[in-house]
Amino acid sequence: MAASSAPRAGLSVLRPPAFGAEPAGERMARIRRSPHFANGVFQNPGGPARMRPSGSGRDMAKQFLDKDARSRRAPRGTIPVHPTTLADLTRPPATGLRLTWTGHSSVLAEIDGQRVLFDPVWGERCSPFPFAGPKRLHPVPLSLAALGPVDVVVISHDHYDHLDMPTIRELAGTDTVFAVPLGVGAHLERWGVSADRLRELDWQESTRAGGLTLTATPARHFCGRGLRNTQHTLWASWVVAGERHRIYHSGDTGYFEGFRDIGGAHGPFDATMIQVGAYSEFWPDIHMTPEEGVRSHLDLQGGKPGGVLLPIHWGTFNLAPHPWAEPGEWMADAAEAVGQTVAFPRPGAPFEPGGELPTEHWWRPLTRPVPRVWNTGAPPRNEETPSGDLDLAGDR
């Protein structure tokens, strides 16, 4: 596939700002020099990945439109968000590492005296338009202003549920550094981030920020924001290493053998943040199921349970046909089957992986029973998840 030509000037006038910008000039030249760029596009590890729905369009439409299935794809009441306070975040973590999951893939990591914000999405919709697209199922736990100073913002890739223009524009007014995959800097520059604050990395490249080393590592996914998906921006997972702690953020990825290599080179980790939602049989190569998420965590830890796994990429947006609560239930079972410790914080609730962990299955009162239809390697179960007795105000 040959490299695409630059968009024509007439079409650029119609390009919404949220589409970002195409890499050009020296940035595009650097992309072409990447060992992971061939035939005009970035290549996935492990060979081509299916980036678009496969199988019967009729079958997929049936899943998405089925009335009963639709009712399971959203909570039946108000998600119990922890309203993160200044007191939660001003006290230094006793262990030196604290994580605050604010929803979907957005996590504030306080690690060895530095503050790293992964994939911040504070917008109401993950969409280029304020009036359409998947809408939040719960509010953000706190404003960006209340979050306080951030040393580094890390972006995994340029999809709307990971790279949010309004959020970046607000952060552009601070003095934070942005660590992004190769090519993604073009979007940020268009939205007001100065080039001197960008650290744009190819896979296996590292940068220093304060006392931290940030390394872009491979992932199995794809990219694109506009009408023309040129595959000219890279996607990545990230390793952040401080003086005492190491953490890993998967971004979006399908399962692949490269997790073992990442773990061998950079692990083991005190905590991993692993994508376990928005999976489907229609796109099995680019998102992981919870069972695959547990497998990837074990690979990162050298093949055995260790550290703490924080499930991300679920609970905030409705992006796939599976039930809203299924990732949590499946993750609980898959981790229990292999003896892996998992944290289940409510959105906005800080916790320290080296301290007391949040383990409450807080989603259960908000969902109809979730059938146990998955295979985790554990003995088969016939029961269904109890739906709980919480008053479901606002039941939909």
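Because the structure is predicted, anything quoted here is derived from the model rather than measured.

**Considering the overall build of the protein chain**
Then step 1. The secondary structure content of the protein chain amounts to 11 helices and 14 strands.
Then step 2. Relative to its 396 residues, the protein chain shows a buried fraction of 57%.
Then step 3. Surface summary for the protein chain: the accessible area is close to 16500 Å², and the carbon and sulfur share equals 53%.

**Focus: the nonpolar core**
Then step 1. Core analysis: the largest hydrophobic core is formed by 70 residues, its most contacted members being Val116, Phe118, Leu214, Trp238 and Ile247.
Then step 2. The residues touching Phe118, leaving out its near neighbours within four places in the chain, are Ser105, Ser106, Val107, Ala109, Val154, Trp238, Val240, Ile247, His249 and Met273.
Then step 3. Counting 28 residues, the second largest nonpolar core, distinct from the first, contains Val121, Leu142, Val150 and Val193.

**Observations regarding the pattern of salt bridges**
Then step 1. Enumeration over the complete set of coordinates arrives at 11 salt bridges.
Then step 2. One salt bridge connects Glu257 with Arg260, and the closest N-O pair in it is separated by 2.9 Å.
Then step 3. For Glu257, a relative accessible area of 47% translates into the label partly exposed.
Then step 4. What makes Arg260 partly exposed here is its relative accessible area of 47%.
Then step 5. Across the pair Arg260 and Asp299 runs a salt bridge, and its minimum N-O distance is 3.6 Å. In this pair, Arg260 sits in helix H9 (residues 258-266) while Asp299 sits in helix H10 (residues 290-300), placing the two residues 39 residues apart along the sequence.
Then step 6. Connected through shared salt-bridge partners, Arg27, Glu189 and Glu200 make up one network.

**Things to note about H10**
Working note: α-helix, 3.6 residues per turn, so residues spaced by three or four point in the same direction.
Then step 1. Where burial is concerned, most of H10 is hidden: nine out of the 11 residues are buried.
Then step 2. All of the buried residues along H10 are Pro290, Glu292, Gly293, Val294, Ser296, His297, Leu298, Asp299 and Leu300.
Then step 3. Those residues of H10 that are buried are in contact with strand E12 (246-249), H9, strand E13 (271-275), strand E14 (308-312) and helix H11 (326-338).
Then step 4. Just past H10, the residue Gly302 takes up positive phi, approximately 85°.

**Remarks on the confidence of the model for the protein chain**
Then step 1. For the protein chain, mean pLDDT is 87; residues scoring 70 or higher make up 84% of the total.
Then step 2. Here residues 1-13 scores under 50 on pLDDT; set against residues more than four positions off or in separate chains, the count is 12 contacts.
Then step 3. Counting interchain partners and residues more than four positions distant, the pLDDT-below-50 stretch residues 376-396 has 40 contacts.

**Some words on the sheet that holds strand E3 (residues 97-103)**
Then step 1. What the six strands build is an open sheet, ordered E3-E4-E5-E6-E7-E8; its pairing is mixed. One side of each edge strand has no neighbouring strand; the edge strands of this open sheet are E3 and strand E8 (198-201). Ignoring strand direction, the axes of neighbouring strands in this sheet form an average angle of 20°.
Then step 2. Examined bridge by bridge, strand E7 (residues 177-181) and E8 share four bridges and lie parallel to one another. Looking across to E8, one finds that Phe178 is bridged to Leu198.

**What about the packing of H10 against H11?**
Then step 1. Where H10 meets H11, the closest approach of the two axes is 8 Å, and the angle between their N-to-C directions is 40°. The angle between the axes of H10 and H11 places the two elements in the oblique class. Read as a crossing pair, H10 and H11 show a hand that is right-handed. Facing H10, whose interface residues are Pro290, Glu291, Val294 and Leu298, H11 presents Pro327, Trp330, Met331, Ala334, Ala335 and Val338.
Then step 2. Residues of the contact of H10 with H11, tallied by class, amount to nine nonpolar, no polar and one charged.

**A look at the pairing of strand E10 (residues 212-217)**
Then step 1. Of all six residues in E10, five are buried, a share of seventy percent or more.
Then step 2. The sheet contact formed by strand E9 (residues 206-209) and E10 spans four bridges and is antiparallel. Each bridged residue has a counterpart across the sheet, and for Thr207 the counterpart in E10 is Leu214.
Then step 3. In textbook terms, the turn of a hairpin is the stretch between consecutive antiparallel strands, and for E9 and E10 this stretch comprises two residues, one of which, Gly210, has a positive phi near 60°.

**Section: unusual backbone geometry**
Then step 1. Residue Gly267 is joined to Pro268 through a cis peptide bond whose omega torsion reads -5°.
Then step 2. Considering the arrangement of structural elements, one finds Pro268 in the loop between H9 and E13.
Then step 3. A positive phi angle is found at Asn39, which is not glycine, with a value near 55°.
Then step 4. Tracing the chain through its elements places Asn39 in the loop between strand E1 (37-38) and strand E2 (41-42).
Then step 5. Take Asn39: its relative accessible area is 56%, and that puts it in the exposed class.
Then step 6. Unlike most non-glycine residues, Gln204 shows phi in positive territory, near 75°.

**Description of the packing of aromatic side chains**
Then step 1. Considering all chains together, one arrives at 14 aromatic pairs under this definition.
Then step 2. An angle of 75° between the planes, with centres 6.3 Å apart, marks the rings of Phe42 and Trp235 as edge-to-face. Placement of Phe42 in strand E2 and of Trp235 in the loop between E10 and strand E11 (237-241) is noted, with a sequence separation of 193 residues between them.
Then step 3. By relative accessible area, Trp235 is classed as buried at 1%.
Then step 4. Relative to Trp235, the ring of Trp203 lies with its centre 6.4 Å away and its plane at 75°, an arrangement referred to as edge-to-face. Of this pair, Trp203 sits in the loop between E8 and E9 while Trp235 is found in the loop between E10 and E11, placing the two residues 32 residues apart along the sequence. Exposure class is identical for Trp203 and Trp235. Each is buried.

About the thresholds
Per-chain numbering applies: the sequence of each chain, read as written, is numbered from 1 onward. Local features are withheld for residues below a pLDDT of 70 in this predicted model, meaning they are given only at 70 or higher, and side-chain atom pairs are given and counted only at 80 or more; totals for whole chains, interfaces and linings count all residues. Neither water nor hydrogens contribute to the side-chain values; these are computed over all heavy atoms in the structure. Segments assigned H or I by DSSP are reported as helices when at least four residues long, segments assigned E as strands when at least two residues long, and all are numbered from the N terminus. Between buried and exposed lies partly exposed: a residue is buried under 20% and exposed over 50% of the maximum accessible area for its type, with that area taken using a 1.4 Å probe on protein chains only. Accessible surface is estimated by sampling points in the Shrake-Rupley manner with a 1.4 Å probe; for residues, cover comes only from the protein chains shown. Only buried residues count toward a nonpolar core. Its members are Ala, Val, Leu, Ile, Met, Phe, Trp, Tyr and Cys residues joined through side-chain atoms within 4.5 Å. In this analysis, two residues are considered to be in contact whenever any of their non-hydrogen atoms come within 4.5 Å of each other. Criterion for a salt bridge: a side-chain nitrogen of Lys or Arg within 4 Å of a carboxyl oxygen of Asp or Glu. Note: pLDDT gives the predictor's confidence per residue, expressed from 0 to 100. At least two DSSP bridges between two strands are needed for those strands to be called paired. Axes, fitted as lines to C-alpha atoms, cover a helix only where it is in contact. Angles between the N-to-C directions of the axes lie from 0 to 180 degrees. When an angle is under 35 degrees it counts as roughly parallel; over 145 it counts as roughly antiparallel; between 65 and 115 it counts as roughly perpendicular; any other value is oblique. It is the rotation of the near helix from the far one that decides the hand of a crossing: anticlockwise by less than a right angle makes it left-handed, clockwise makes it right-handed. Gly is placed with the polar residues, together with every amino acid not listed as nonpolar (Ala, Val, Leu, Ile, Met, Phe, Trp, Tyr, Cys and Pro) or charged (Asp, Glu, Lys and Arg). Pairing of aromatic rings covers Phe, Tyr and Trp, the last through its six-membered ring, and needs centres within 6.5 Å; plane angles under 30 degrees mean stacked, over 60 mean edge-to-face, and all others mean tilted.

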